[in-house]
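Spelled out from the first residue to the last, the chains are:
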Amino acid sequence: MGEFNVHRVRFFNYVPSGIRCVAYNNQSNRLAVSRTDGTVEIYNLSANYFQEKFFPGHESRATEALCWAKGQRLFSAGLNGEIIEYDLQELTIKYAVDAFGGPIWSMAASPSGSQLLVGCEDGSVKLFQITPDRIQFERNFDRQKSRILSLSWHPAGTHVAAGSIDYISVFDAKSGSAIGKMLVDRQYMGVSKRKCIIWGVAFLSDGTVISVDSAGKVQIWDSATGTLVKNHLVSNADVQSIAVSDQEDSFVVGTAEGTVFHFQLVSVTSSSSEKQWVRTKPFQHHTHDVRAVAHSPTALISGGTDTHLVIRPLMEKVEVKNYDAALRKITFPHRRLVSCAKKKQLLLFQFAHHLELWQLGSTVATGKNGDTLPLSKNADHLLHLKTKGPENIICSSISPCGGWIACSTASRFFLYRLNYEHDNISLQRVSKMPVFLRSALQILFSEDSTKLFVASNQGSLHVIRLLEGGFKHLHTFQPQSGTVQSACLLAVSPDGAWLAASGATAGVLVYSVRQLKLHCTVPAYNFPVTALGIAPNTNNLVIAHSDQQVFEYSIPDKRYTEWSRAVQKQGFHHLWLQRDTPITHISFHPKRPMHILLHDTYMFCLIDKSLPLPNDKTLLYNPLPPTNESDVIRRRTAHAFKISKKYKPLLFVDLLDEKTLVAVERPLDDIVAQLPPPIKKKKFGT
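These figures come from a predicted structure and were not determined experimentally.

(A) Spatial organisation of the overall build of the protein chain. The helix and strand tally for the protein chain stands at four helices and 57 strands. Taken over the C-alpha trace, the protein chain has a radius of gyration of 27 Å; the compact-globule value for 686 residues is 26 Å, and the two agree within 12%. Once the C-alpha set of the protein chain is aligned to its principal axes, its extents read approximately 80 × 60 × 50 Å. Taking contacts inside the protein chain between residues at least 6 apart in sequence as the whole, the part at least 24 apart equals 48%. For the protein chain, the exposed area adds up to about 29,700 Å²; of that, 50% sits on carbon and sulfur atoms.

(B) Inspection of the packing of aromatic side chains at higher detail. Evaluation of the coordinates by the stated rule reveals 20 aromatic pairs. On the numbers, 4.5 Å between centres and 15° between planes, the contact of Phe12 with Phe349 is stacked. Residue Phe12 is found in the loop between strand E1 (5-9) and strand E2 (19-25), and its partner Phe349 is found in strand E33 (residues 346-350); the two are separated by 337 residues along the sequence. Taking the relative accessible area as the measure of exposure, Phe349 reaches 0% and is therefore buried.

(C) Spatial organisation of the nonpolar core. In terms of nonpolar packing, the biggest core is built from 31 residues, with Leu74, Phe413, Leu415 and Leu452 touching the most fellow members. With four residues, strand E40 (residues 440-445) is the single largest residue contributor to this core. Apart from the residues within four sequence positions on either side, Leu452 is in contact with Ala406, Phe413, Leu415, Ile443, Leu444, Phe445, His462, Val463, Ile464 and Leu466. Grouped together as the second largest cluster of nonpolar side chains are 23 residues, Phe588, Leu598, Ala640 and Phe641 included.

(D) Just the sheet that holds strand E48 (residues 529-534), in detail. One open sheet accounts for four strands, arranged E48-E49-E50-E51; its pairing is antiparallel. Edge positions in the open sheet fall to E48 and strand E51 (559-560), since each of these has one partner strand only. Across five bridges, the pairing between E48 and strand E49 (residues 540-545) is antiparallel. Bridging across to E49, Leu532 finds its partner in Ile543.

(E) Structural detail: the state of the cysteines. Applying the stated criterion to the full structure yields zero disulfides. Left without a disulfide partner, Cys120 is nearest to the cysteine sulfur of Cys67, which lies 14 Å away. Left without a disulfide partner, Cys605 is nearest to the cysteine sulfur of Cys340, which lies 20 Å away.

(F) Spatial organisation of helix H1 (residues 562-570). Within the sequence span of H1, burial applies to Trp563, Ser564 and Val567. All buried residues of H1 project into a common sector of 100° when viewed along the axis, lining one side. With respect to the buried face of H1, the exposed residues turned more than 90 degrees away are Glu562 and Lys569. Positive phi shows up at Gly571, right after H1, with a value of about 90°.

(G) Structural view of the pairing of strand E15 (residues 159-163). Among the five residues of E15, four are classified as buried, and the element is accordingly described as predominantly covered. Inspection of the sheet shows strand E14 (residues 150-153) paired to E15 by four bridges, in the antiparallel sense. Within the sheet, the bridge partner assigned to Ser152 lies in E15 and is Ala161. The antiparallel pairing of E14 with E15 creates a hairpin that spans five residues between the two strands, and Gly157 there sits at a positive phi of about 80°. In this structure, E15 lies alongside strand E16 (residues 167-172), joined through five bridges in antiparallel fashion. Bridge pairing links Ala162 to Ser169 in E16.

Cut-offs used in this document
- Residues numbered from 1 in each chain as written.
- Predicted model: local features only at pLDDT ≥ 70, side-chain atom pairs only at ≥ 80, totals over all residues.
- Heavy atoms only, no water.
- Helix = DSSP H or I, 4+ residues; strand = E, 2+ residues; numbered from the N terminus.
- Rg over C-alpha atoms; globule rule 2.2 N^0.38 Å.
- Contact = heavy atoms within 4.5 Å.
- Areas by Shrake-Rupley, 256 points an atom, 1.4 Å probe, with all protein chains shown as cover.
- Phe/Tyr/Trp six-rings, centres within 6.5 Å; stacked < 30°, edge-to-face > 60°.
- Buried < 20%, exposed > 50% of the residue type's maximum accessible area, 1.4 Å probe, protein only.
- Core = buried A, V, L, I, M, F, W, Y, C linked by side-chain atoms within 4.5 Å.
- Pairing = 2+ DSSP bridges.
- Disulfide = S-S within 2.5 Å.
- Arc of directions from axis to C-beta.

Quick look at the structure:
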């Protein structure tokens, strides 16, 4: 692997938004995650925790609540007072309804999934009926004196618990009348606070209500009598979230100190049938507030201000003690935020509301393998391009020649022409872009920078010819058989003849760009596609899936290649299949057709198809540096997979030319440095 000069880039100042809510859907085994910038992400837990869909954020949508309803329908609500339903096919917002109660702090779907309850700033609890195409207001519950910060239905759907400030109310779900109130003690560590905020409530089948509050308490209540059964003081700071398992034998809470506590229902004695709630396990996987938790049948899920989504499998629930029982920590999006103009050595970085264009540095120095060379010219920040409006950027791309930049938001599509004159750069926006290009999910330029390919959220693919001062719409590939399946990934062949497109769930479609028609469909596979790439000369399509399988498909022959069949027959190395993060980019060596370069967050790999495949007894990756020249040669010829873990976390790796590689890193310490300070804990006696 010591055959490349590597540009090690660390000036992509990307900071993920903090996690505000999580909602787990047991039927589809999917997890919805909302972030503080309004972005909503869908993770498929059955597909190796892959982030298969996302909805771009919006400045006015501060999401405070997220829930699933009957028929795999997803709703959110927030401080703008609106209830939003998401279209999971077109990846857009289906509609927004004003609840007319001020900011919405909490939301819960009924156990049947046919009703939706929201808690508002003005103390009102509003019930909505979920109809096949919208939601319809049904009635108000008895109004309370202060904002409703948490809601929970009784599993039978007969009663509702609502957490407010200083008290918990119990409502009759049929009439909407308040039938009980439980006052919460303001005492905190022996000192009376001004108020006690009930951040979360959970209603159990036997009438028990569990509450978590700003005084660091987890309290067990009897809703029938309104009495406190058990009090657990678990934190010196707020306990901010709670989630209960479907069997109601365990629950999990998250605190402002970053600790997650697991409670279980255990027998008082071995012979007794009486059971009580016991705090069994604390987990410290976060540095900041744990704002949201979820409880799947086999794992505890948590997220918060430190931007990490942590999935902690419960060992007693995991049948086979393999890699599925390991902790997962997801920090970066499973999509590309960096694009590259190889010919001009430019990098385009995508942020929520702006783009940055950078010129890579250069050096005239030489050295041996592993040396860090001094720069003769530093990297140069050429352009800061801000988009107007409150919407987040969905996707962006720069042409290989560096002359075009395109980006899209939910309502607008932007195309810019770049002109370079000596040390100056000028930008000209192309006006009157077609309406059908907006809400693009993926943008890609052809290798010769003469065509632009745009994947819309309607499932169609648009082909645009780029002219000196504008554009011409050439063709639109319509979705197959009338189904709306958004294309999330695109790849174009270097000769510009073939275009491959993959949806979130459907297979990969290959189009002929010259004949403007569908050429073939790659056989469907059970796991979603995470990256696509078409090799030069051979026009072989390389496909990476979320279960870490890699396939090679010959576009001209319309079948899998012999190498791909050999890989599937022998199988990948077990350590390769156990990797945490998906492959997000595939590229190829321009002069070596047998080489494939791909990367995930924690490694990049060069696959040499001319060498034998490693089996499970082979050492896949050797972390020790080579001792001598013969050791280097032996490693190069040992097996096909050449893996480097020197650069991480990786957001982007690509070949600029035959001997130059660019690697964009985002160290976690740099992200933590830009987060708000965590709660200071006293250590020992200080």
